[in-house]
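One letter stands for each residue in the lines below.
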Amino acid sequence: MPALIVLMMLIAYPVTYTGILSVTNQQEEFVGLQNFRDVLRPRVTTQALWNTLWWVFGSIFFQVIFGVAAAILLNQKFRGRAVVRSIALIPWVVPGIVAATTWAWMFHTEFGIINYMLTGAGVLEEPIGWLITGNTVLPAMIAINVWKLFPFVAIMVLAGLQSIPQELFEAAKVDGASYWEEVRHIMLPQIRPVVTAVTLLLVIWALNAITIIYAITSGGPANKTLITPIQIFRLAFESSAFNQSAALAVMFFGIVMLIVFIYIKSLATESSEKS
Amino acid sequence: MYKVHRSSFRPVSSSLKLTGKLGLSVLMSLASITFVHAGEVVWWAPNWGEKRAEELAKKFMVANPGIKIKMEVTVSNGLPARVLTALRSGNAPDLMEVQHGWVNEYAQGDFVLPLDDTIQEKADYNKGVLQVITWKEKLWAIPYRIETHGVIYNKDHFREAGLDPEKPPKTWDELQAAAKALTKAGRSGFGITGGGEMGNTIFRSLPFVWMNGGDLLNADMTKAVINSPASVKAIEFYTNFYKQGYAPKSTLENDGLALRRLFVAGALSAYQSGQFDVPAILKENPKLNVGTMMIPAPAGKQTAAIIGGWSYVIPKAAKNPTEAKKFLQFLNTAENQAFYTDTFPARASASKFPRFNDPILKPFAEMLPHGRTAPIHPDWVKMTQFYFDGIQRILLGDQTVQKSMDQANADIQALLK
């Protein structure tokens, strides 16, 4: 019971308080939906929402593809497999802020190693401003996020692969299946539940991920990498517009709940179809 | 230093309302540890002036045996929050040092005492700063330290480019021509900021707008005017340094600190900054031949800069305000201001002291009368964010200067309602 009270205070209080903030003004008077209107009006809000969608789907698409591919490769028997498996985990283990700062320097136009290597090898004539060119900055952020989290997907999928009964592979061998047929008809169907569960986690993480982008660009240049969570943070702690920030947070919470709901629902129908 | 600058743009009131509420009880219990005796003045002094502050306190106590000065050293990180929490909780010291830009909010919140009866020789003080700390025709602080940006340049680069380092540019045209001449051999002629904390870019670009007769808001703050011809021309001037290739390629990633690094590395020949950058540069690269100049203005017009710095306030909750006022008068004699400030003193007579005679400081001193302050508006941070986004759109090549500022103007106007 005391634990429940503490839990209530830690969860219910902030949620309720955000709700109250979103419908009041600085003088703590009730203002209805005014904050919602105020925060939706600037075009930056729409821009941030689009950026968020790109960021989430871009990240997850590549995280899952690279993660599954890495898992299948690491499931092979080869010398030094344990070492490679451990090395593959490094990006996931590195603290987000450390990774972000390191990547920021690697991508830097003048001092960055990426431009240095590409120009040195003759791939590029002129250094590219990765973080300061409109159409490379968000992909660069996504690439960092993919690098950071695909090992997590890999490890989860690897566990899934190892739980596949050996008889399935033996039966396939008897039927004369090639390696790629094994991948397509045994491995991928068998790890599907793992992948769906992991994807849900990735969606939630990507929607809340603020570290990488905030540490590198803070949403800039010209809001090209501004995602909604960063906008919420900015409104509250840079513009001191707590009430509008709360209104945006409430709406974002709604959208996230909707996505999660749809996802779980489709997951449930899927598994009931199977049985 | 950059943190310090940026925070002068930030109204802290509402953010503190939250943390204030939560932290109030904790703070009260903490503050009660400080026992206050009659005749004791508790002084919150920042750590960078600690030694000098101790010396001043000792001197004062010798001359005034009945009053004890108790120093509590503060750090700049998180100071606005700490000050506001102390003011709100009612458990405040007797004397505090705060940035000029914070004072108005304290006055409006009725947290500090008016000091019209304490200031001496008011006419001797920098007028721009007095304006910032005035509210309802009363003075709510006494300023002691003021500073603005100037331009720091590499004299050897000037010589190599065939320019006379002793005759730096005075007008926009001359600055542009110099930047062009200096840009060679992998060097950038004139650095502007377009990234990092937005305060960096506001501090560097808004003065150009002011010089040219433009502004972000009109005088009575009812209309956004950043897309006026005068404003647009100034922003074009600023962003052209990058567009024409005279500023580093990394401009959109650069804040003031990045510019200083490029300058120290010899990759940049000139950039705007405060005088505090000069010792920092010489410490990292003592061989650099550093020169300083005023920020060039359009031909026939006056230069401008944003003025920053520090003031003393006496909280309303001070236990011994009479003694604090007496000590304040002691601190603000021309001599003691000149001794205590890190940059320039707020009093004209104090700036005549020999320590400000260094020729490298002269252009910064000459900038001071041209120092201006940002308007006091509750949505100022949001407005500058729209303005900063607009500058980044120009630098990215997304929009023309006029189009980008039209959009920024509309965004800012929407906040004025």
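In this report, the structure presented in the accompanying data block is examined.

A separate point is the overall build of chain A. Helix and strand counts for chain A come out as 13 helices and zero strands. Overall, chain A is about 75 × 60 × 35 Å in size when its C-alpha atoms are taken along their principal axes. For chain A, the proportion of its 275 residues judged to be buried stands at 31%. The long-range share in chain A, meaning contacts at least 24 apart out of those at least 6 apart in sequence, stands at 69%.

With that settled, consider the pairing of strand 1 (residues 40–46) of chain B. Residues and elements named next belong to chain B. With five of seven residues buried, strand 1 is to be regarded as a mostly interior element. Looking at chain direction, strand 1 and strand 2 (residues 68–74) are connected through seven bridges and run parallel. The partner of Ala45 across the bridge, within strand 2, is Val73. Following the backbone out of strand 1, through helix 3 (residues 50–63) and into the adjacent parallel strand 2, one traces a crossover that is right-handed. Pairing geometry for strand 1 and strand 3 (residues 95–99), over two bridges, is parallel.

Our focus in this paragraph is the sheet that holds strand 8 (residues 270–274) of chain B. As a general point, the strands of a sheet are linked pairwise by backbone hydrogen bonds and lie either parallel or antiparallel. All names here are of chain B. Within the open sheet, the three strands sit side by side as 8-7-9. Their pairing is antiparallel. At either margin of the open sheet sits one strand with a lone partner, and together these are strand 8 and strand 9 (290–293). Adjacent strand axes in the sheet meet at a mean angle of 35 degrees, parallel and antiparallel pairs treated alike. As paired strands, strand 7 (residues 149–154) and strand 8 are joined by five bridges and run antiparallel to one another. Pairing of His149 across the sheet is with Gly274, part of strand 8. Each of strand 7 and strand 8 touches helix 11 (residues 256–264); the most contacted strand, strand 8, lies at about 130 degrees to it.

Rules and cut-offs
- Residues numbered from 1 in each chain as written.
- Chains lettered and ligands numbered in written order.
- Predicted model: local features only at pLDDT ≥ 70, side-chain atom pairs only at ≥ 80, totals over all residues.
- Helix = DSSP H or I, 4+ residues; strand = E, 2+ residues; numbered from the N terminus.
- Buried ≥ 20, exposed ≤ 12 C-beta atoms within 10 Å, placed from the backbone.
- Contact = placed C-beta atoms within 7 Å.
- Pairing = 2+ DSSP bridges.
- Right-handed = clockwise from strand over helix to strand, strands pointing away.
- Axes fitted to C-alpha atoms, helices over the stretch in contact; angles between N-to-C directions.

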